Amino acid sequence: MSNTNYDPRQNEEMKKRCPIADSELCEWLGKNGCYQCYISSLKSDNKKEEALEHWKVTLSYLPDNIDDLHLSDECQFCKDEKPEKAEYYATFEMAHPEPYAEKGMILGLGKKVRTPIGSLLSIQASIGKECKKAFKMSDVLQLGTFLGFLVAAFVLLMIPQIGQAMANWMAFMPYIFIALMLLAGYFLGKNLAAAHLKKIKQHVKVDLAEIPQIKQMLNRGWFFFQTGSDGMPKVFFHKTKTYNCLKPQRECGDGEEDDMLDNINI
């Protein structure tokens, strides 16, 4: 979101006083000026420098080619030899236990314990029109079936021979009937969506771990955040990118560090 009150002169003045100015973290957070950066709200320079060090740790666990995911003009989800042209961006969240973070045991209060999440990132990957449609159809099947059963339940209850008969038999029977229809719609929709995903997985990388960069991240200790019953995170789709660059490219390197990190299990 753009900052309508953005003032370049005030922004430059604040940058001069900020210990993380022009750093990797500044580049990541500073799209809308210093007044839109949450680091500027931290009370001390030490806290700001600590945030920068934490960000460097986060970046160190990312593959050097992570930005190829969203910078590529080809769909990252196609299994075909010739991937379709990318027109959208698929977004999902991944987390990592590093850097070390702690909070109170009960609602942030009490004895400090380590939190399971030290880093949380939204990852974007280029996706084509057909692969996006295949993913969305799964949601349509699940939600559509659920809503269809809900509508059917109310329509049936509006028929006097059905609704009145249920009410005469047991006062709460219409409510029980609605609940049963909702359960039926939920489980049927879930099974239809699973069957659809099973069908399209011959051409679409339904399992995000099949994407090389994501597989590298998983090998480095990253994990999918807020997953469903299939172990996959919720995927959202955007027409435009939410960021330009996640990890600045190293000036030099032979990839040895990447090979070592890819074999780490945390």
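Residues numbered from 1 in each chain as written. Predicted model: local features only at pLDDT ≥ 70, side-chain atom pairs only at ≥ 80, totals over all residues. Heavy atoms only, no water.

1. Re a nonpolar patch on the surface
Here comes step 1: On the surface, Trp 169, Met 170, Phe 172, Tyr 175, Ile 176, Leu 180, Leu 183, Tyr 186 and Phe 187 cluster together to form a nonpolar patch covering roughly 1000 Å² of accessible area.
Here comes step 2: Top contributing element to the nonpolar patch by residue count: helix 7 (residues 173–200), with 6 residues.
Here comes step 3: Within the secondary structure layout, Leu 183 lies in helix 7.
Here comes step 4: On the basis of relative accessible area, Leu 183 is assigned to the partly exposed category, the value being 46%. (Patch = residues over 30% accessible without salt bridge, like charges linked within 9 Å, V, L, I, M, F, W, Y side chains within 5 Å. Areas by Shrake-Rupley, 256 points an atom, 1.4 Å probe, with all protein chains shown as cover. Salt bridge = Lys/Arg side-chain N within 4 Å of Asp/Glu carboxyl O. Helix = DSSP H or I, 4+ residues; strand = E, 2+ residues; numbered from the N terminus. Buried < 20%, exposed > 50% of the residue type's maximum accessible area, 1.4 Å probe, protein only.)

2. Section: the pairing of strand 1 (residues 86–96)
Here comes step 1: When you tally the buried positions in strand 1, you get 9 out of 11 residues, the bulk of the element.
Here comes step 2: Across 10 bridges, the pairing between strand 1 and strand 4 (residues 119–128) is antiparallel. If you follow Glu 93 over to strand 4, its bridge partner there is Ser 122.
Here comes step 3: Two strands pair when backbone bridges link them, and strand 1 and strand 6 (residues 236–238) are joined in this way by 3 bridges, in the antiparallel orientation. Bridge pairing in strand 6 links Thr 91 to Phe 236.
Here comes step 4: As defined by bridge partners, strand 1 adjoins strand 5 (residues 223–224) across 2 bridges and the pair is classed as antiparallel. (Pairing = 2+ DSSP bridges.)

3. A closer look at the state of the cysteines
Here comes step 1: Scanning all chains against the criterion turns up 0 disulfides.
Here comes step 2: As a non-bridged cysteine, Cys 75 has Cys 78 as the owner of its nearest cysteine sulfur, 3.6 Å distant.
Here comes step 3: Looking at Cys 131, it has no disulfide partner, and the nearest cysteine sulfur is the one in Cys 78, 3.6 Å off. (Disulfide = S-S within 2.5 Å.)

4. Overview of the confidence of the model for the protein chain
Here comes step 1: Within the protein chain, residue pLDDT values average 82, and 79% of them lie at 70 or more.
Here comes step 2: This stretch, residues 250–257, has a pLDDT under 50; its non-local contacts, to residues over four places away or in other chains, come to 3 contacts. (pLDDT = per-residue confidence, 0-100. Contact = heavy atoms within 4.5 Å.)

5. Things to note about the environment of Lys 47
Here comes step 1: Relative to the assigned elements, Lys 47 resides in helix 3 (residues 45–60).
Here comes step 2: Placed 28 residues apart in sequence, Lys 47 and Pro 19 show a C-alpha to C-alpha distance of 9.9 Å.

6. Concerning the nonpolar core
Here comes step 1: Within the largest apolar cluster, 42 residues are counted, with the highest numbers of intra-cluster contacts made by Phe 77, Ile 123, Ile 127 and Ile 214.
Here comes step 2: If you list the elements that add at least two residues to this core, you get helix 3, strand 1, strand 4, helix 5 (129–157), helix 7 and helix 8 (212–219).
Here comes step 3: Ile 123 has contacts with Leu 69, Ala 90, Thr 91, Phe 92, Met 94, Ile 214, Met 217, Tyr 243 and Leu 246, leaving out every residue within four places of it along the chain.
Here comes step 4: Counting residues in hydrophobic clusters, the runner-up holds 6 residues, among them Ala 153, Phe 177, Ile 178 and Met 181. (Core = buried A, V, L, I, M, F, W, Y, C linked by side-chain atoms within 4.5 Å.)

7. With respect to the packing of helix 5 against helix 7
Here comes step 1: With their axes 8 Å apart at the nearest point, helix 5 and helix 7 run at an angle of 160° to one another. Viewed along their axes, helix 5 and helix 7 adopt a mutual orientation that is roughly antiparallel. Crossing of helix 5 over helix 7 shows right-handed handedness.
Here comes step 2: A breakdown of the residues in the contact of helix 5 with helix 7 according to their chemical character gives 23 nonpolar, 6 polar and 1 charged. (Axes fitted to C-alpha atoms, helices over the stretch in contact; angles between N-to-C directions. Parallel < 35°, antiparallel > 145°, perpendicular 65-115°, else oblique. Left-handed = near helix turned anticlockwise from the far one by under 90°. Nonpolar A, V, L, I, M, F, W, Y, C, P; charged D, E, K, R; others polar.)

8. Concerning the pattern of salt bridges
Oppositely charged side chains can form a pair if their charged atoms are brought close together.
Here comes step 1: For the coordinates displayed, the defined rule picks out 4 salt bridges.
Here comes step 2: For the salt bridge of Lys 56 with Glu 53, the shortest nitrogen-to-oxygen distance reads 3.9 Å. One end of the pair is Lys 56 and the other is Glu 53, both in helix 3 and 3 residues apart, which spans about a single turn.
Here comes step 3: A residue is classified by how much of its surface remains accessible, and Glu 53, at 43% relative accessible area, is partly exposed.
Here comes step 4: Its salt-bridge partner being Glu 210, residue Lys 79 comes within 3.2 Å of it at the nearest N-O pair. Here the residue Lys 79 occupies a position in the loop between helix 4 (68–71) and strand 1, and Glu 210 occupies one in the loop between helix 7 and helix 8, the gap between them amounting to 131 residues.
Here comes step 5: With relative accessibility at 33%, the residue Lys 79 sits in the partly exposed group.

9. A look at the packing of aromatic side chains
Here comes step 1: Tallying each qualifying case throughout the model produces 5 aromatic pairs.
Here comes step 2: Here Phe 77 and Phe 135 contribute two aromatic rings whose centre-to-centre distance is 5.5 Å and whose plane-to-plane angle is 80°, an arrangement assigned as edge-to-face. Here Phe 135 lies in helix 5 and Phe 77 lies in the loop between helix 4 and strand 1, a separation of 58 residues in the sequence.
Here comes step 3: Of the residues examined, Phe 77 reaches a relative accessible area of 0% and is grouped as buried.
Here comes step 4: Taking the relative accessible area as the measure of exposure, Phe 135 reaches 11% and is therefore buried.
Here comes step 5: Centre to centre, the rings of Phe 172 and Tyr 175 are 6.5 Å apart; their planes meet at 50°, and the pair counts as tilted.
Here comes step 6: Here a set of aromatic residues connected by ring pairs shows up, and it is made of Phe 77, Phe 135 and Phe 237.
Here comes step 7: Sitting above the plane of the Phe 237 ring, Lys 132 keeps its charged end 5.9 Å from the centroid.
Here comes step 8: Seen from the ring of Tyr 88, Lys 239 lies directly overhead, with NZ or CZ sitting 4.5 Å from the centre. (Phe/Tyr/Trp six-rings, centres within 6.5 Å; stacked < 30°, edge-to-face > 60°. Lys NZ or Arg CZ within 6 Å of the ring centre and 35° of its normal.)

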